[in-house]
Each structure stands twice: as structure tokens, then as C-alpha cells.
Amino acid sequence: TTVGASSGWCQGLDIPNELFLALGLVSLVENLLVVAAILKNRNLHSPTYYFICCLAVSDMLVSISNLAEMLFMLLLEHGVLVMRPSIVRHMDNVIDMLICSSVVSSLSFLGVIAVDRYITIFYALRYHSIMTLQRAVVTMASIWLASTVSSTVLITYYHSNTILLCLISFFLFMLILMLVLYIHMFALARHHLHSISSQQKPPTAHHGGSLKGAVTLTILLGVFFICWGPFFFHLILIVICPTNPFCTCFFSYFNLFLILIICNSVIDPL
């Protein structure tokens, strides 16, 4: 009876392909502008902006893989493209590998940017000796290599719960890492603001600055969690309750979770 009552919301959402294509194009253009701005402006040729550039490239891969998959499916559905099933499966695996690689690299560079900001604030005088260009290049190359290898393993052994648990653990690690670092940075900023206001005569209120810091922190972590959380919760349910009726209902909203990930690629450059 419960399953029957909930069957209405178990149908999922019918998201038009045009929405996927529109968001993919917007994200692609936005991130191209970010990459072009960083490459063209020599003042932005520093590790911090190289990490941001890599994040933009990762988000572009999300957009490109989404656009490629949508166009591929539309061409097959309308009979414009005729291919053997084996070739279709091979193309699908290639696109899925691109998607997985972009997901892992995006999460990785979000974490690296948080660490870079943390070093900038807490080790300002030693920043250039800690985050050298050579270390930044090694970090970026390592992330791209790890993303490629992990995506290949994930697509090859996607039936394995162990692989899914590794991906889920990676997401949770990045979430906790950014949460700890940004809260610590916000606490330091609030402490400095309080010290400055207490030295002034008469003391000035610092609630406005603290509120701005809290809002910024909420946006940073809130967007990350809202956009990525449902997709990884979907993976968790695949591991713990793949045949449960309620979990099956949640699975029917997978396209919505993909839309949220693409929205993250739209929000990041902004």
C-alpha cells in the first residue's frame, strides 16, 4: 500500500534534452571565458589561478561530455546515426569515462583551491616558498593522471560496490576537508575583525563583516553540497539498498542529479 501511494513521485522527472543542452552550452561558454582570461592576463599566471583554470577545464569536460552524450542519443533516436551495438557501447563507455574523469578532477581541484586559500591566509609570508610553480604543476598533473586512471577503473568495474564506496569516500573526504578549512578561515577572519574593532575608539560593531563572511561560507559549501550531494547519495543507496522500493523511487530522479552537477559547472565560474 505504501509503495502504491508513493508511485506518483516514483515516476521521476521528465527533463527535456533541450535543458541539458542549454545548461551545457552556458557552462561551456562561461568556463571558456575563465580559461581565456587566465591565459591571456599575465598578472593571473600564478598557482592559485592555474588551479582555478584547471577547475574551469574540469567543468568544461562536464559540459562537453554532457553535450556529446545528448547529441549522440538524439542522433541515434532519430535515425540520423546508425551504428552497430558494439560500437554504441564503446562510445558510451568513452563518454562515461570522460564524465567520471571530470567529476573526480572537479572535486579534486575544489579541494586543492581550498587548501591553497588556507595556505594563503595562515602562511602568507611563506606562501611562495610552499606553493611553488613546480609543486603546482606536479599537483595538477597528478590530479589529471589520477582522474583518468580512476575513471577507467570505475567504468571497467562499475558493478563493484568497493569501487563505488571508494568514490563515495572521496566525496566525503573532500566535503569534510573544505568544511574544516573554510570554517577555520572564517573563524580567523572573524577574530581579526573583532581585534580591529576592539582597538578602535569607540569600538565599532563587526557583526556586518561577520555576517558577510558567514554568507560567503554558506554559499561556498551550500552550492557544493546541494549540487553534488544527491548524486553521491544515489551512489550510497546503490550500495546499501539497490532493490528497496523507496531506493528505486530515488533512482528515478537520476537525471535531476545530473542537472544539479551541470548547474555546479555553471555556478563555479560565476
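Here the structure is a predicted model, which means the values were calculated and not measured.

## Let's talk about the overall build of the protein
So, step 1. Scanning the protein from terminus to terminus reveals 10 helices and 0 strands.
So, step 2. Listing each helix as α and each strand as β along the protein from the N terminus yields α-α-α-α-α-α-α-α-α-α.
So, step 3. Of all 270 residues assigned to the protein, the portion counted as buried reaches 37%.
So, step 4. Of the contacts made within the protein by residues no fewer than 6 positions apart, 79% connect residues no fewer than 24 positions apart.
So, step 5. For the protein, the exposed area adds up to about 15,500 Å²; of that, 71% sits on carbon and sulfur atoms.

## Some remarks on the side chain of Ser 105
So, step 1. Tracing the backbone through its elements, the reader meets Ser 105 in helix H4 (residues 85-122).
So, step 2. The exposure class assigned to Ser 105 is buried, which follows from its relative accessible area of 0%.
So, step 3. Of note is the side chain of Ser 105, whose polar atom sits 2.8 Å from the backbone oxygen of Ser 101.
So, step 4. Excluding anything up to four places from it in sequence, Ser 105 contacts Ser 58, Ile 143, Trp 144 and Ser 147.

## Focus: helix H2 (residues 17-40)
So, step 1. The end-to-end C-alpha separation of H2 is 34 Å, in line with the 34 Å expected for 24 residues at 1.5 Å each.
So, step 2. Along H2, the residues that are buried comprise Phe 20, Leu 21, Leu 23, Gly 24, Ser 27, Leu 28, Glu 30, Asn 31, Val 34, Val 35 and Ile 38.
So, step 3. Against the buried residues of H2 lie helix H3 (47-77) and helix H10 (254-267).

Thresholds applied
- Residues numbered from 1 in each chain as written.
- Predicted model: local features only at pLDDT ≥ 70, side-chain atom pairs only at ≥ 80, totals over all residues.
- Heavy atoms only, no water.
- Helix = DSSP H or I, 4+ residues; strand = E, 2+ residues; numbered from the N terminus.
- Buried < 20%, exposed > 50% of the residue type's maximum accessible area, 1.4 Å probe, protein only.
- Contact = heavy atoms within 4.5 Å.
- Areas by Shrake-Rupley, 256 points an atom, 1.4 Å probe, with all protein chains shown as cover.
- Polar contact = N/O pair within 3.5 Å; in protein donor to acceptor, adjacent residues only side chain to side chain.
- Expected span 1.5 Å × (residues − 1).

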